[in-house]
Amino acid sequence: MAVINILDDNTINQIAAGEVVERPVSVVKELVENAMDAKASSISVEIKDGGVGLIRVTDNGSGIESEYIRTAFLRHATSKIKNALDLVTINSLGFRGEALSSISAVSQTEILTKTHNELTGKRYVINGGKEAIFEDVGIPDGTTILVKNLFYNTPARRKFLKSYTTEAGYITELMEKFILSFPNISFKYTVNGKIKLQSSGNNDVKSAIFEIFGRNALNTMISVNIQSEYFSMSGLIAKPEVARGNRNYELYFINNRIVKSKMISSALEEAYKPYLMLHKYPFCVLHFTIDPSRLDVNVHPSKTEIKFLDEDKIYDILVDYISESLHEKEMIPKVLVEVCEDKPDVNTNCDRLIKYIDELTPSKEEQAVKQSIVMPEPFEEKKENIQIDIPVASEIESEQINLFDNDFLSKESIKDHKILGQLFNTYWLVEFDEKLYIIDQHAAHEKVLYERLIKQIRNACVVSQNLYPALIVSLTKSEEEVLKKYWDNFKQIGFEIEHFGQNDYSVRSVPTELFNMSEAGYFLSILDELSTNDSFKSPEAVNDRIAGMACKAAIKGNMSISEREAQVLIKELLSLDNPYNCPHGRPTIVSFSKSDIEKMFKRIV
Ligand code: ADP
Ligand code: MG
């Protein structure tokens, strides 16, 4: 028969720790929230080795009275609620009373704390949940908590962590959010001995945005303010031109708590939809004040997902208000690239390339963006590798031909393709051999650019093009880390980037294939995506990924091209090894047979 054991407290705490302390960033979040609950006006966070080696959080808050210090480290010990009734009206950030007990169960923890009324402070050291030292110390009012060697006694969890740089990146992102959400608190954030972020605490969200995102972002922000019977909200939303590649910068705070809310996200995205490309997300910092009794905050252990009683009403008010705010503003993004008058001196192969690109160039403005072509050294020897001629049909694998069970792809049949026209500004309709083919222009364009770029990267003969003036991007610390990590990859792909002082970088040239990428937003979206996806098998995989994202960015929505341009594009698409999918896996071509259509109309059964 199985023996049933009652687990000891230490084991229980280690299990609970799995829920509260997933990685170093969760420790930082809990400790900073505790400091804020203790009414600190100044909080300093220091980490070493991605927070695994050391996390130190110092605040000037209330401190813990000596008689309660041990209690604070017990499970379900909290000064913030007494019973379940208090949950309804709770306004503080943490209240489950699990953070300190969990953290101290899986690390070597030390607390130094002193309240205003006590003459001396206390130092309390707990290793893996066991008390080691409890003694008097002379310290100023407030609390310092040191968390060393996180997960030292739970190796399975430790193995699960990512690299120190990645873990530090998560913490940096969190600190950026804290600075934006609590402009009234002065934060200092130090990584491996160097100060990374510092905020003044002057209670101005704008100066917090300036500190983190720089001047450019600040200039594109629109102030918003709602007073309604269900909630009030104030904050800043960015014009769509600085949209991001993920939801990391949709920052919402409800009653001063950082929250995630599908409802708020979708209201915002709905309002931004007419202005944003697919997979682009708004950048905003919004502070909501809602009567706590109209909220359910205890729905998730890490307390970030929140539920609203008046969900539908709040959604409608938000969509209407934000749509109107965006509508009132001039949303046409600024053209950052100026016409370069001098026709560059380039060799013939390159002339052909430019001519070929010009043929595919969609709009007049873009035609006006004349390029000065920069030749990398290897280009001269390898110019024959720039393949812009269409390969013959025999190069296409037979199995792919089977996919279309006729020779739609063959060079001979291309001249018999009858382009019927364009549908919804996006799809080209082609009739050939009793079939209707529908080609997604954007997917096709993306694919063609991608294949050209990849070929150039593989042959180390990427052709870059200068931007006049260079594109200046202001990066956050976490974006800067991503850029540095992949610096060589960007170089190999044809980006020439230089540090431009402070948090600004100048993108001097881009791969010629991607001359549409002339807006900072596109570049930032690549960094955003790299920051969320960082497990690559090889440097080539990184290059492919960046190239794929860059091509996606270079293809703008509803770009209108002439029938002749479409012909050239389709021809090049069909010459590729795999013309069927864009680099992101979306199909580029679908087909209907005549008999399918006749069946739809019940002409045949
Ligand atoms: P919770 O925050 O959910 O109450 P914690 O385990 O995070 O639980 O903290 C336990 C208690 O310790 C808190 O309720 C608070 O009274 C006290 N405490 C923790 N950190 C601080 C701090 N930095 N300053 C003052 N008191 C603190
Ligand atoms: Mg807490």
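Right above here is the structure, for reference.
Residues numbered from 1 in each chain as written. Chains lettered and ligands numbered in written order. Predicted model: local features only at pLDDT ≥ 70, side-chain atom pairs only at ≥ 80, totals over all residues. Heavy atoms only, no water.

Asks: Before we go on, may I ask you to explain a negative patch on the surface in this structure?
Replies: A cluster of acidic residues, E311, D312, D316, D320 and E324, forms a negative patch on the protein surface. Judged by its relative accessible area of 34%, E311 is partly exposed. (Patch = residues over 30% accessible without salt bridge, like charges linked within 9 Å, V, L, I, M, F, W, Y side chains within 5 Å. Areas by Shrake-Rupley, 256 points an atom, 1.4 Å probe, with all protein chains shown as cover. Salt bridge = Lys/Arg side-chain N within 4 Å of Asp/Glu carboxyl O. Lys, Arg positive; Asp, Glu negative; His and termini not counted. Charge placed at Lys NZ, Arg CZ, Asp CG, Glu CD. Buried < 20%, exposed > 50% of the residue type's maximum accessible area, 1.4 Å probe, protein only.)

Asks: In this structure, what is going on with the sheet that holds strand β23 (residues 589-593)? I would like to understand it.
Replies: Paired through backbone hydrogen bonds, the strands of a sheet run either parallel or antiparallel to each other. Strand order in the open sheet made by the four strands is β17-β18-β19-β23, with antiparallel pairing throughout. Edge positions in the sheet fall to β17 (418-423) and β23, since each has one partner strand and no second. Between one strand axis and the next, the sheet turns by 20° as a mean value, whatever way the strands run. Set on the sheet, helix α15 (residues 441-458) makes contact with β17, β18 (427-432) and β19 (435-440); between it and β19 the angle comes to about 65°. Against the sheet, helix α20 (residues 563-574) makes contact with β17, β18, β19 and β23, and its axis sits at roughly 70° relative to β18, the strand it touches most. (Pairing = 2+ DSSP bridges. Helix = DSSP H or I, 4+ residues; strand = E, 2+ residues; numbered from the N terminus. Axes fitted to C-alpha atoms, helices over the stretch in contact; angles between N-to-C directions. Contact = heavy atoms within 4.5 Å.)

Asks: Is there a simple way to explain the nonpolar core in this structure?
Replies: Taken as a class, soluble globular proteins show a tendency for nonpolar side chains to be buried jointly. One finds I43 and F187 to be the most contacted residues of the largest nonpolar core, which totals 59 residues. Ignoring any residue separated from it by four or fewer positions in sequence, one finds I43 in contact with V32, A35, M36, V57, T58, D59, I185, S186, F187 and K188. Core analysis: the second largest hydrophobic core is formed by 34 residues, L471, I493, L527 and L530 among them. (Core = buried A, V, L, I, M, F, W, Y, C linked by side-chain atoms within 4.5 Å.)

Asks: What exactly am I supposed to notice about the side chain of N255 here?
Replies: Looking at the element boundaries, N255 is found in the loop between β11 (250-254) and β12 (257-259). Reaching out from N255, the side chain makes a polar contact with the backbone oxygen of I290 at a distance of 2.8 Å. (Polar contact = N/O pair within 3.5 Å; in protein donor to acceptor, adjacent residues only side chain to side chain.)

Asks: What's the story with the sheet that holds strand β3 (residues 108-114) in this structure? I'm lost.
Replies: The strand order β5-β4-β3-β6-β2-β1-β7-β8 describes an open sheet built from eight strands, whose pairing is mixed. Only two strands of the sheet have a single neighbouring strand rather than two, namely β5 (130-137) and β8 (194-198). Strand-to-strand twist of the sheet, defined as the mean angle between neighbouring strand axes without regard to direction, takes the value 15°. By the bridge criterion, seven bridges tie strand β4 (residues 121-127) to β5 in an arrangement that is antiparallel. Residue pairing for β5: V125 is matched across the bridge by I133. Those strands touched by helix α2 (residues 24-37) are β1 (42-48), β2 (54-59), β6 (142-148) and β7 (186-191), and its axis lies near 10° from that of β2.

Asks: How should the pairing of strand β10 (residues 232-238) be read in this particular structure?
Replies: As a general feature of sheets, a regular strand has side chains that alternate between the two faces. Burial within β10 is extensive, with six of its seven residues counted as buried. Judged from the seven bridges that link them, strand β9 (residues 221-227) and β10 form a sheet pairing that is antiparallel. Bridged to V224 within β10 is G235. Following β9, the chain reverses through four residues before pairing antiparallel with β10.

Asks: Just checking my understanding: could you explain the packing of aromatic side chains for this structure?
Replies: Note on aromatic pairs: each is described by the distance of the centres and the angle between the planes. Taken as a whole, this structure holds 10 aromatic pairs when the rule is applied. Between the aromatic rings of F178 and F187, the centroid separation amounts to 6.0 Å while the plane-to-plane angle is 20°, which identifies the pairing as stacked. By relative accessible area, which is 0% here, F178 ends up buried. Taking relative accessible area as the criterion, F187 reaches 1% and is therefore assigned buried. Between W487 and Y505, the ring centres sit 6.3 Å apart and the planes meet at 65°, which makes this aromatic pair edge-to-face. Placement of W487 in helix α17 (residues 487-493) and of Y505 in strand β22 (residues 504-511) is noted, with a sequence separation of 18 residues between them. The buried category is assigned to Y505, whose relative accessible area is 2%. These aromatic residues form a ring-pair network of at least three members: F73, Y124 and F134. When the ring centre of F134 is taken as origin, the NZ or CZ atom of R70, which lies over that ring, is 4.2 Å away. (Phe/Tyr/Trp six-rings, centres within 6.5 Å; stacked < 30°, edge-to-face > 60°. Lys NZ or Arg CZ within 6 Å of the ring centre and 35° of its normal.)

Worth remembering: the numbers are spatial, not functional.
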